[in-house]
Amino acid sequence: MASEHLGDRLGRLRRLADLTQEGLADRSGVSVDVVRKLEQKRKHSARLPTLHALSKGLGVELTSLLGDPPGVPSNGEADPPALVAVRRAIMPPLFAPPPEPTGAERLSLPLLRAELSEGWTLYHDAEFGRLMEVLPGIIADARLAAAVGSPEQRAAGQGALGKALQLGGHLAIRLGKSDLALSALERAIDAAGQSADPLLPAMVSNSVAWAYQRQNRLDDAQHLAVYAADGVEKEHVHTAEGVRVWGGLLMSAATSYARNDDYATADTMMKTAERAADRLAALPPPADSKLVSVFSRSSVRIERVRLAVQHERPEEALALAKGMRLSKDTPPSWRTWLLLDVARAHTDVGDAEGAVRALESLRRVAPAWMRHHTLAVAIVNDLWESSPRTPGLRRLAEFLGVAN
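Residues numbered from 1 in each chain as written. Predicted model: local features only at pLDDT ≥ 70, side-chain atom pairs only at ≥ 80, totals over all residues. Heavy atoms only, no water.

1. Remarks on unusual backbone geometry
Then, number 1: For Ala126, which is not glycine, the phi torsion reads 65° and is therefore positive.
Then, number 2: Of note, Ala126 is situated in the loop between α7 (109-124) and α8 (128-147).
Then, number 3: For Asp261, which is not a glycine, the phi torsion comes out positive at approximately 70°.
Then, number 4: Take Asp261: it is sitting in the loop between α13 (240-259) and α14 (263-278). (Helix = DSSP H or I, 4+ residues; strand = E, 2+ residues; numbered from the N terminus.)

Written out as structure tokens, the structure is:
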């Protein structure tokens, strides 16, 4: 994960595209000075809109340029057995017989939902290896629940299958398998449409928008999130579940605007989402929050910090993050993003000690996620090459494999 520098990937992909540095700069709309500094490793990271522009100029997915993601590298080798099993669960063999109960009784819906909830917990804890082991069984259980019983039972089973396949899509994105992710999410949309949950199609649409973002399809991601948000707003914002799904879609749309370098529109949408999050306090909470979109005042503020950092507004990011008290249900994945962005902002304003403090906090609360983030490596690389070196930095560099 940390072995290849962003500049090395950029140079390799540029040469594969048969482009000079000047040619890439012209095609992507990024200054040739930025291209040179990245390839010469005088810059270890860049604004996300810049990375989107470079990947578009190279004709590759954003994940190819970022070296994402952590769990199973796309190195041309055969997929490991655990990933093959996940693929087979998401895309059963052609002409396979329909699922049938094999035991004394099939899994009850409450137990199936408990399985799903635990699966999402593994995902947010970055336990991707363990999730690969258990996900095929969860999908198989959900497929069976969707195929047997009364119409009401089958509809509930379709809802569980939609959430299981959505989880498969998220895992595939984290493993760098974007085509598998879209296959999983397309099947999740189909299951959601046959379920009794009117919010599930919109939740899965949010995941599809994220997958589009990872493929540099920013316009597609933006339009999908706005379309789905409009549908939820018309009928479902009187419940906490509806507000959370609507708010999550607003944040997704804002992220696409920001990555298209329209920070003003993104900021306006995020402020609208923040006001929506304030309404949650007056509504009964969801029965199982792990199976509903992540959305709260904390998540909105985390995303606002992220967008400010990505648009080179470190002082604004630090002001937004100052004094934040995260809600207890904020997943480790979101806490990770906040601490990384705070570290990046401190680095950008020349506060190495603040950056190291944020990274040390991240190592304590979410070491697995820290290892999985290319941004963590980029920040530590930047700090490692500074002089004098900040106390505590060597431990972080050794943890990430950056120290020489």
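2. Thoughts on helix α18 (residues 352-365)
Then, number 1: A rise of 1.5 Å per residue sets the reference length of α18, with its 14 residues, at 20 Å; its end C-alpha atoms lie 20 Å apart and thus fit the reference within 8%.
Then, number 2: For α18, the set of buried residues is Gly354, Ala355, Val356, Ala358, Leu359, Ser361 and Leu362.
Then, number 3: Its buried side turned inward, α18 meets α17 (332-348), α19 (367-371), α20 (374-384) and α21 (393-400). (Expected span 1.5 Å × (residues − 1). Buried < 20%, exposed > 50% of the residue type's maximum accessible area, 1.4 Å probe, protein only. Contact = heavy atoms within 4.5 Å.)

3. Examining the pattern of salt bridges
Then, number 1: The tally for this structure, following the rule as stated, stands at 16 salt bridges.
Then, number 2: Across the pair Asp33 and Lys37 runs a salt bridge whose closest N-O atoms are separated by 3.3 Å. With Asp33 and Lys37 both in helix α3 (residues 32-39) and four residues apart, the pair spans about one turn of that helix.
Then, number 3: Relative accessible area serves as the criterion here: at 27%, Lys37 is assigned to the partly exposed category.
Then, number 4: A salt bridge links Glu133 to Arg130, with the shortest nitrogen-to-oxygen separation between them at 3.1 Å. One end of the pair is Glu133 and the other is Arg130, both in helix α8 and three residues apart, which spans about a single turn.
Then, number 5: Within the structure, one salt-bridge network assembled from shared partners comprises Asp267, Lys271, Glu274, Arg301 and Arg304. (Salt bridge = Lys/Arg side-chain N within 4 Å of Asp/Glu carboxyl O.)

4. Observations concerning the layout of surface pockets
Then, number 1: Within this model, the second largest pocket holds a volume of roughly 550 Å³.
Then, number 2: Along the wall of the second largest pocket there are 28 residues; nearest its centre are Arg244, Ser289, Ser327, Asp329 and Thr330.
Then, number 3: Elements supplying a minimum of two residues to the lining of the second largest pocket: α7, α13, α14 and α15 (297-310).
Then, number 4: Ranked by residue count, the leading element in the lining of the second largest pocket is α7, at three residues.
Then, number 5: Residue composition of the lining of the second largest pocket, by class: 14 nonpolar, seven polar and seven charged. (1 Å grid on protein atoms, 1.4 Å probe; cavity = no way out; pocket = protein on both sides within 12 Å on 5 of 7 lines; lining within 4 Å. Points joined across faces, edges and corners; volume = space filled by probe spheres on them. Nonpolar A, V, L, I, M, F, W, Y, C, P; charged D, E, K, R; others polar.)

5. Quick word on the packing of helix α11 (residues 200-214) against helix α12 (residues 218-235)
Then, number 1: Running from N to C, α11 and α12 cross one another at 165°; their axes reach a closest spacing of 8 Å. Overall, the two elements α11 and α12 adopt an arrangement that is roughly antiparallel. You can see that α11 and α12 cross each other, and the crossing is left-handed. Across the interface between the two elements, Ala202, Ser205, Val208, Ala209, Tyr212 and Gln213 of α11 pack against Leu218, Asp220, Ala221, Leu224, Ala225, Ala228 and Val232 of α12.
Then, number 2: The class makeup of the residues in the contact of α11 with α12 is ten nonpolar, two polar and one charged. (Axes fitted to C-alpha atoms, helices over the stretch in contact; angles between N-to-C directions. Parallel < 35°, antiparallel > 145°, perpendicular 65-115°, else oblique. Left-handed = near helix turned anticlockwise from the far one by under 90°.)

6. Describing the side chain of Asn206
Then, number 1: Mapping Asn206 onto the fold places it in helix α11.
Then, number 2: Only 3.3 Å separates the side chain of Asn206 from the side chain of Ser252, close enough to count as a polar contact.
Then, number 3: With sequence-adjacent residues up to four places away left out, Asn206 is seen in contact with Gly248, Leu249 and Ser252. (Polar contact = N/O pair within 3.5 Å; in protein donor to acceptor, adjacent residues only side chain to side chain.)

7. Focus on the environment of Ala211
Then, number 1: With respect to the helices and strands, the residue Ala211 is situated in helix α11.
Then, number 2: Given a relative accessible area of 4%, Ala211 falls into the buried group.
Then, number 3: Spatially, the C-alpha atom of Ala211 lies 8.4 Å from that of His170, the residues being 41 residues apart in sequence.
Then, number 4: Residues in contact with Ala211, not counting those within four places in the same chain, are Ile173, Leu182 and Leu185.

8. Let's talk about the nonpolar core
Then, number 1: Ranked by internal contacts, the top residues of the largest apolar core, which has 111 residues, are Phe295 and Leu359.
Then, number 2: Ranked by the residues each element gives to this core, the list is headed by α13, at eleven residues.
Then, number 3: In this structure, Phe295 is in contact with Val243, Arg244, Gly247, Gly248, Met251, Ala273, Ala276, Ala277, Leu280 and Val300, ignoring residues within four places of it in sequence.
Then, number 4: In terms of nonpolar packing, the next biggest core, distinct from the first, is built from 17 residues, Leu19, Leu38, Leu48 and Leu66 among them. (Core = buried A, V, L, I, M, F, W, Y, C linked by side-chain atoms within 4.5 Å.)

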